[in-house]
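Structure at a glance
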Amino acid sequence: MKKTSKALLLMLCAVLLVAASVLGTMAYLTSTDSVENTFTVGKVAITLDEAKVGDDGKALTGEKAERVDANDYHLLPGLTYDKDPMVTVLEDSESAYVKMTVTINKADELDAIFANDGADLMKIFNGYDGTTWIYQGNTKDTAKNTRTYEFWYKETVAASDADVALDALFDSITVPGTITNAQLATIEGMTITVNAYAIQADGFATAEAAWAAYAG
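Residues numbered from 1 in each chain as written. Predicted model: local features only at pLDDT ≥ 70, side-chain atom pairs only at ≥ 80, totals over all residues. Heavy atoms only, no water.

Brief notes about the packing of aromatic side chains
Taken as a whole, this structure holds eight aromatic pairs when the rule is applied. With centroids separated by 5.3 Å and ring planes inclined at 65 degrees, the aromatic side chains of Tyr128 and Phe151 adopt a geometry described as edge-to-face. Here the residue Tyr128 occupies a position in the loop between strand 6 (125-126) and strand 7 (133-141), and Phe151 occupies one in strand 8 (residues 146-153), the gap between them amounting to 23 residues. Note on accessibility: Tyr128 and Phe151 belong to one class, buried. Within the aromatic cluster, the residues linked to one another by ring pairs are Tyr128, Tyr135, Tyr149 and Phe151. Lys99 extends its terminal NZ or CZ atom over the ring of Tyr197, reaching a point 5.4 Å from the ring centre. Over the aromatic face of Trp211 sits the side chain of Lys99, whose NZ or CZ is 4.7 Å from the ring centroid. (Phe/Tyr/Trp six-rings, centres within 6.5 Å; stacked < 30°, edge-to-face > 60°. Helix = DSSP H or I, 4+ residues; strand = E, 2+ residues; numbered from the N terminus. Buried < 20%, exposed > 50% of the residue type's maximum accessible area, 1.4 Å probe, protein only. Lys NZ or Arg CZ within 6 Å of the ring centre and 35° of its normal.)

See below:
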C-alpha cells in the first residue's frame, strides 16, 4: 500500500512538473497593430505663352495659329502689334498666388521719350485690366538699363484637376504716333521680357507674405 501511494505521489509530482513546464512556456495574450503614413508631394506648375505673330505683328490665325514663348517685331510709329502674354496654372497644382513681370530694356532711352518714371503702360499696352492684374509699381535697374513692371493676379488660383488659363496681361502694343524717327532709332534692339511666377498659397496669410518669402 505504501509502495502504491509512493508511486502515485511520484506520478503526481511528475504530472505537476510537466504542467509547470507547460505553464512556464506559455506566452501572454498579445495583439499588435501599426500605422503606415504615406506622403505625397504637392506641386505648383505654370506655363507662359503668347500668340505667334507674323511679319506684320498680327497674330496668326487658322492652321498657322499657335502659342509660343517669343516673337519678333518690326516697330513703326502709330502701329499696333499683337502681344497677349497668358499664364496657365497646370492641372493638379496646389492653390497658388500668381504674378507677372514685364521688363523693358533701353530704360534710359524710353525715359527720355516718355517720362522719368517709365513709359506709361496705358499708352503702350492695350487691353490691360487693372482689376484682374493688380499693378504693383515699377523699378529701374540703372546698371542693366532696364525697368521692370510688376502685376499680381487678383485672387488666389484654387487647386484644380484641370488646367486654369488666366486672362492675358494685355493683348497688344501700340507704338505712339507721336514718336519721331530719331527717338525710334534710340530704342533699336528694345526687348520686352515677360516672366510669370507662382507660389503655393497654403501657409501664407496674404499674397504679400507669400511674395516676401519668395523674394527671400
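Past the structure itself, the notes keep going.
A word on the confidence of the model for the protein
Confidence in the prediction of the protein, expressed as mean pLDDT, is 85, and 81% of residues score 70 or more. Predicted confidence in the protein is weakest over helix 1 (residues 2-25), with a mean pLDDT of 55, and strongest over strand 9 (residues 164-165), with 96. (pLDDT = per-residue confidence, 0-100.)

Here we look at the layout of surface pockets
Estimated volume of the largest pocket: approximately 590 Å³. Along the wall of the largest pocket there are 24 residues; nearest its centre are Tyr73, Leu75, Ile187, Met190 and Thr191. When contributions to the lining of the largest pocket are tallied by element, the ones reaching two or more residues are strand 10 (172-174) and helix 4 (181-186). Looking at side-chain class alone, the lining of the largest pocket contains 16 nonpolar, five polar and three charged residues. If you add up the space inside the second largest pocket, you get close to 180 Å³. Taken together, Leu48, Asp49, Glu50, Val68, Asp69, Ala70, Asn71, Lys83, Pro85, Ile192, Thr193 and Val194 make up the full set of residues lining the second largest pocket. Among the elements of the structure, strand 1 (46-51) and strand 11 (192-200) are those that each provide at least two residues to the lining of the second largest pocket. Along the lines of polarity and charge, the residues of the lining of the second largest pocket split into six nonpolar, two polar and four charged. (1 Å grid on protein atoms, 1.4 Å probe; cavity = no way out; pocket = protein on both sides within 12 Å on 5 of 7 lines; lining within 4 Å. Points joined across faces, edges and corners; volume = space filled by probe spheres on them. Nonpolar A, V, L, I, M, F, W, Y, C, P; charged D, E, K, R; others polar.)

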